[in-house]
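Listed below, chain by chain, are the residues.
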Amino acid sequence: MKPSPFGVFSIRAALAALLVVVLVACGGGGGVPYTGVTTRPLSPEFSSRKAVAYGAYRTARNPSELDAEVIPPANLKQDLDLMLAAGFRMIRIFSSDDKVARQTLQVIVDNNLNIKVQLGAFIRGDAYASEADKPAIYAGNEASIAQAVALANNPAFKDIILAVSIGNETQVDFSGVRTKPETLAGYLRTVRNQITQPVTTDDNWPQQDEQLLRQALPDEAAKVLTSPDPLGRIPARTARVPI
């Protein structure tokens, strides 16, 4: 699902981000050996900092207007100051674009703000795409991943970005960006090979999709942490892929 600042979607995104932090606190820490691979340790700040998902949009009335909205750095600074005042010291950003991600990171640096970031890379899904559409989808995803890698390796931002998350809700059957497990696994490996931070994906999924991702990563099986859904509906799963 492409992140939206509207209604239940923004609430759900914020709850999902907070759930990630709780799950990490419950057992996402040091290096855990798997077949041929060891997880990169998550920073202790994942469990010590209060976190929230962040979208910087204000004037767009629906998702179709997001691209046209201009976001000045002053708006970002005001948002971040409000979050700091509320006790939030870590944010999850869903993409690595220049308009939100790079600008937000630059505002944090320029103003020496005590905020850490879980950086995202938005990807479009190929599970239901036509063969004619797939080349454009893959090209866009590769560009998004390249942006995430560039930001994670930028000396100015490297200490701020604690982890990189590839995709958002790409495995659930209701997702508008559903991605084949083997495609997602390839993206995770590509990013992991180019940065030093831990790499993950954020998702809720039924058991069969967990098994599919494990099959796609036969030598790097996903470590899955389970917790009750914050809205009290169904068990929620957040995968932290150890690559």
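Here the structure is shown first, and the text comes after it.
Residues numbered from 1 in each chain as written. Predicted model: local features only at pLDDT ≥ 70, side-chain atom pairs only at ≥ 80, totals over all residues. Heavy atoms only, no water.

Novice: Can you tell me about the pairing of strand β7 (residues 199-202), naming the residues and giving the values?
Specialist: Residues in a regular strand point their side chains to alternate faces of the sheet. Residues of β7 alternate between two faces, with Val199 and Thr201 on one and Thr200 and Asp202 on the opposite face, all of them buried. Looking at chain direction, strand β6 (residues 161-168) and β7 are connected through 3 bridges and run parallel. Opposite serine 165, over in β7, you have threonine 200 as the bridge partner. (Buried < 20%, exposed > 50% of the residue type's maximum accessible area, 1.4 Å probe, protein only. Helix = DSSP H or I, 4+ residues; strand = E, 2+ residues; numbered from the N terminus. Pairing = 2+ DSSP bridges.)

Novice: Give a description of the packing of aromatic side chains that names residues and reports values.
Specialist: Counted according to the given criterion, the structure contains 0 aromatic pairs. In this arrangement the basic side chain of lysine 50 is found over the ring face of phenylalanine 88, its NZ or CZ atom lying 4.5 Å from the centre. (Phe/Tyr/Trp six-rings, centres within 6.5 Å; stacked < 30°, edge-to-face > 60°. Lys NZ or Arg CZ within 6 Å of the ring centre and 35° of its normal.)

Novice: Outline the nonpolar core, supporting the account with residue identities and numerical values.
Specialist: Core analysis: the largest hydrophobic core is formed by 38 residues, its most contacted members being Leu80, Ile91, Val117, Leu119, Val164, Ile166 and Val191. Listing elements by their share of this core, those giving two or more residues are α3 (73-85), α4 (98-110), β5 (116-121), α5 (134-153), β6 and α6 (181-192). Once residues lying within four places of it in the same chain are set aside, the contact partners of leucine 80 are Ile91, Thr104, Val107, Ile108, Leu113 and Ile115. Among the nonpolar cores identified, the runner-up in size contains 6 residues, and Leu42, Phe46, Met90 and Ala163 belong to it. (Core = buried A, V, L, I, M, F, W, Y, C linked by side-chain atoms within 4.5 Å. Contact = heavy atoms within 4.5 Å.)

Novice: Lay out unusual backbone geometry with the relevant residues and their values.
Specialist: Unusually for a residue other than glycine, asparagine 112 sits at a positive phi of about 50°. With respect to the helices and strands, the residue asparagine 112 is situated in the loop between α4 and β5. When its relative accessible area of 71% is taken as the criterion, asparagine 112 is described as exposed. A positive phi angle, near 50°, is found at glutamate 169, a position not held by glycine. Structurally, the position occupied by glutamate 169 is in the loop between β6 and α6.

Novice: So, the environment of isoleucine 108: which residues are in play, and what are the values?
Specialist: Turning to its location among the elements, isoleucine 108 is positioned in helix α4. C-alpha of isoleucine 108 to C-alpha of leucine 80: the two residues are 28 residues apart in sequence and 8.2 Å apart in space. Those residues within four positions of isoleucine 108 in sequence are excluded, and the remaining contacts are Leu80, Leu113, Ile115, Val117 and Ile160.

Novice: Please give an account of the packing of α5 against α6 that cites residues and values.
Specialist: Their axes nearest at 10 Å, the elements α5 and α6 cross at an angle of 30°. By the angle class used here, α5 and α6 are roughly parallel. Crossing of α5 over α6 shows right-handed handedness. Along the contact surface, α5 presents Tyr138, Asn141, Ile145 and Val149, while α6 presents Thr183, Tyr187 and Val191. Looking at the contact of α5 with α6 residue by residue, the classes come out as 5 nonpolar, 2 polar and no charged. (Axes fitted to C-alpha atoms, helices over the stretch in contact; angles between N-to-C directions. Parallel < 35°, antiparallel > 145°, perpendicular 65-115°, else oblique. Left-handed = near helix turned anticlockwise from the far one by under 90°. Nonpolar A, V, L, I, M, F, W, Y, C, P; charged D, E, K, R; others polar.)

Novice: Please set out the pattern of salt bridges residue by residue, giving values where relevant.
Specialist: Tallied over the full model, the rule gives 7 salt bridges. In this structure, aspartate 81 and lysine 77 form a salt bridge, with 2.6 Å as the shortest nitrogen-oxygen distance. Of this pair, aspartate 81 and lysine 77 both sit in helix α3, 4 residues apart, which is roughly one turn of the helix. Lysine 77 gets classed as partly exposed once you look at its relative accessible area, which sits at 26%. Aspartate 98 is the partner of arginine 102 in a salt bridge, and the nearest nitrogen-oxygen pair spans 3.3 Å. Remark: aspartate 98 and arginine 102 occur in helix α4; sequence separation between them is 4 residues, near one turn of the helix. Taking the relative accessible area as the measure of exposure, aspartate 98 reaches 47% and is therefore partly exposed. (Salt bridge = Lys/Arg side-chain N within 4 Å of Asp/Glu carboxyl O.)

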